[in-house]
Amino acid sequence: MSHEPLTSEITGLNPGQYRLSMQICDDALEVLLRPVGEGESLYRRIPYSSAAAGASARLEEAVYANPLLVSRFDRVDVLLRTPRYLLLPADGADAASAATALMGWTSPRAEDITVEADRYYSLVARVDRGVAGFVGRTFDTAFVSHPMAVLARWFTSRSTMGNTGKVFVNLRPDGSDIFVYNSMGLAGATMLRSVSVPDTIYYIMAMASAAGVRRDDCEVHLAGLPERRAGLSAALRAYAPVVVPAVFPA
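Everything quoted here is computed from the prediction, not taken from an experiment.

All right, on to the packing of helix α2 (residues 55–64) against helix α4 (residues 129–138) then. Between α2 and α4, whose axes approach to 8 Å, the crossing angle comes to 30°. With respect to α4, the element α2 is oriented roughly parallel. Judged by the twist between their axes, the crossing of α2 over α4 is right-handed. In this structure, α2 uses Ala55, Ser56, Leu59, Glu60, Val63 and Tyr64 to contact α4, whose residues at the interface are Gly130, Val131, Phe134, Val135 and Thr138. Here the residues of the contact of α2 with α4 are counted per class, giving seven nonpolar, three polar and one charged.

Laid out in structure tokens, this is it:
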């Protein structure tokens, strides 16, 4: 579906009274504008032009084609979605360079960003150097993170409720983000690149088992796309005793 470019004239909103959240994906820029007080939020998914060469060029084109995005908002948050990330103990973040080298992430066109995932973990992500540079120059006051770090912080805050092991799943159009918690806290996290119900169930239950969470003592909390939740929830109940929607604050 095509949309008019985002401008103050078209949206009629005052940027200073809104918070801008953006997620930079491989194929599109996702934008969410949330009012500081009362008012309606605005979501827009902006596909990249295939004519633009390189990740930073595609992002730059998408941003400048929507001038509202470079306005001064009350707050700006940027998520860099990349599959190249590692969760490391909070005091082990200095080992990031060694870890990325071991994972074969060496590239002159990439760099590392390190962000807090929760009280005990830091997340190190390998991002395109051009993309990181454009974000730093254009959104100089933005809080930059990785979607897995944001989800980890929120799910960790919910994982201590009750005594059972918990699996939190964020269902996306192209896959799922899966987090497993046992009595020690966060025990595993992955970005699954599949929307298959059998694949998703396999990874959920396999990760729970690897974390020592018993099948009869496992809660699965589903977040994300409602159209994916219904079918997965029904199938999951054959494997987990509790399957419920994940509750997020308004």
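Before going further, it helps to examine the layout of surface pockets. Here the largest pocket defines a volume of roughly 1,600 Å³. Taken together, 41 residues form the lining of the largest pocket, with Gln23, Glu30, Leu79, Leu151 and Asn170 sitting closest to its centre. Only β1 (18–24), β2 (28–35), β3 (42–47), β4 (75–80), β8 (143–145), α5 (147–159), β9 (165–172) and β12 (218–224) provide two or more residues apiece to the lining of the largest pocket. Taken together, the residues of the lining of the largest pocket sort by class into 21 nonpolar, six polar and 14 charged.

Structurally, the position occupied by Thr200 is in helix α6 (residues 197–210). Aside from chain neighbours lying at most four places away, what touches Thr200 is Ser176, Leu192, Ser194, Val195, Arg228 and Leu232.

Let us now look at the packing of aromatic side chains. Per the stated rule, a full pass over the model turns up five aromatic pairs. For the ring pair Phe155 and Phe168, a centre distance of 4.7 Å and an interplane angle of 15° mean the geometry is stacked. Here Phe155 is found in helix α5, whereas its partner Phe168 is found in strand β9, with 13 residues between them in sequence. Comparing Phe155 with Phe168, the two get one shared label, buried. With a centroid separation of 5.8 Å and an interplanar angle of 85°, the aromatic rings of Phe168 and Tyr181 are classed as edge-to-face.

This part covers the sheet that holds strand β13 (residues 242–245). One open sheet accounts for five strands, arranged β11-β10-β9-β12-β13; its pairing is mixed. Because the sheet does not close on itself, it has two edges, and the strands there are β11 (185–192) and β13. Here the average twist between neighbouring strands, direction ignored, is 15°. Along the sheet, α5 makes contact with β9, β10 (175–182) and β11, crossing β10 at roughly 40°. Across the sheet, helix α7 (residues 226–236) is in contact with β9, β10, β12 and β13; its angle to β12 comes to roughly 165°.

On to α7, then. The complete set of buried residues in α7 reads Arg228, Leu232, Ser233 and Leu236. Here the buried residues of α7 occupy an arc of 120° about the axis, which is enough to place them on one side. Pointing more than 90 degrees away from the buried face of α7 are the exposed residues Pro226, Glu227, Ala230 and Ala234. If you follow the buried residues of α7, they end up packed against β9, β10, α6, β12 and β13.

Ordered by their spatial adjacency, five strands build an open sheet running β3-β2-β1-β4-β8, and the pairing between neighbours is mixed. Each edge of the sheet is formed by a strand with only one pairing partner; in this case those strands are β3 and β8. Pairs of neighbouring strands in the sheet enclose a mean axial angle of 15°, with direction left out of account.

Parameters and conventions
Residues numbered from 1 in each chain as written. Predicted model: local features only at pLDDT ≥ 70, side-chain atom pairs only at ≥ 80, totals over all residues. Heavy atoms only, no water. Axes fitted to C-alpha atoms, helices over the stretch in contact; angles between N-to-C directions. Helix = DSSP H or I, 4+ residues; strand = E, 2+ residues; numbered from the N terminus. Parallel < 35°, antiparallel > 145°, perpendicular 65-115°, else oblique. Left-handed = near helix turned anticlockwise from the far one by under 90°. Contact = heavy atoms within 4.5 Å. Nonpolar A, V, L, I, M, F, W, Y, C, P; charged D, E, K, R; others polar. 1 Å grid on protein atoms, 1.4 Å probe; cavity = no way out; pocket = protein on both sides within 12 Å on 5 of 7 lines; lining within 4 Å. Points joined across faces, edges and corners; volume = space filled by probe spheres on them. Phe/Tyr/Trp six-rings, centres within 6.5 Å; stacked < 30°, edge-to-face > 60°. Buried < 20%, exposed > 50% of the residue type's maximum accessible area, 1.4 Å probe, protein only. Pairing = 2+ DSSP bridges. Arc of directions from axis to C-beta.

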